Amino acid sequence: MNKYISIIFLSVFKVISFFKYISIPFSKLYSLAVLSYHNAEISDPKSINFIGFVYWGIGRNVKIKIGTRFTICSGANFGIDGTSGSRITVKDNAELVIGNHVGLTNVSIQCH
């Protein structure tokens with residue numbers, strides 16, 4: 001009986017691990033779509049990484065600039081501390097500037 005339970009748990013773990021890694025490209029596409037919709041300036045979209053889903057709250061008339069080689073990890077599966085994830089909020093008429101070679105993990109940023 002214990003052997004079968006171990007096989008089931010191992011199979012479930014492998015399926016969850018598979019979906020965890022397949023979600024990385026989708027989280028990047030989602031964040032790039034959100035930023036593109038709000039006319040963000042991204043120096044090099046190929047060099048930035050969004051690992052895990054970032055919760056965006058973006059107001060009107062905002063300015064967002066992101067430099068090269070920016071990486072943000074979000075969520076219990078991708079962060080180094082296992083918390084709930086990253087949230088970036090830019091209120092109306094605010095500006096967010098993220099420079100080059102910046103890495104963030106499970107952060108909350110609020111610009112107003």
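Preceding this section is the structure that the text describes.
Below you will find a few notes about this structure. (Residues numbered from 1 in each chain as written. Predicted model: local features only at pLDDT ≥ 70, side-chain atom pairs only at ≥ 80, totals over all residues. Heavy atoms only, no water.)

Let's talk about the nonpolar core
- The biggest cluster of nonpolar side chains holds 20 residues, and the ones touching the most others in it are Phe50, Trp56, Ile64 and Val90.
- When contributions to this core are tallied by element, the ones reaching two or more residues are α1 (2-37), β3 (55-58), β4 (63-66), β6 (87-90) and β7 (95-98).
- Residue contacts for Val90: discarding those within four places in its chain leaves Gly57, Ile58, Gly59, Val62, Ile64, Leu96 and Cys111. (Core = buried A, V, L, I, M, F, W, Y, C linked by side-chain atoms within 4.5 Å. Buried < 20%, exposed > 50% of the residue type's maximum accessible area, 1.4 Å probe, protein only. Helix = DSSP H or I, 4+ residues; strand = E, 2+ residues; numbered from the N terminus. Contact = heavy atoms within 4.5 Å.)

Some points on unusual backbone geometry
- Even without being a glycine, Asn39 presents a positive backbone phi close to 55 degrees.
- Inspection of the secondary structure puts Asn39 in the loop between α1 and β1 (41-42).

Let's talk about the pattern of salt bridges
- According to the stated counting rule, one finds one salt bridge in the structure shown.
- The shortest N-O distance in the salt bridge between Arg60 and Asp92 comes to 3.4 Å. Separated by 32 residues along the polypeptide, Arg60 in the loop between β3 and β4 and Asp92 in the loop between β6 and β7 bring together distant segments of the chain.
- The exposed category is assigned to Arg60, whose relative accessible area is 62%. (Salt bridge = Lys/Arg side-chain N within 4 Å of Asp/Glu carboxyl O.)

The values reported here are purely geometric and, on their own, carry no functional implication.
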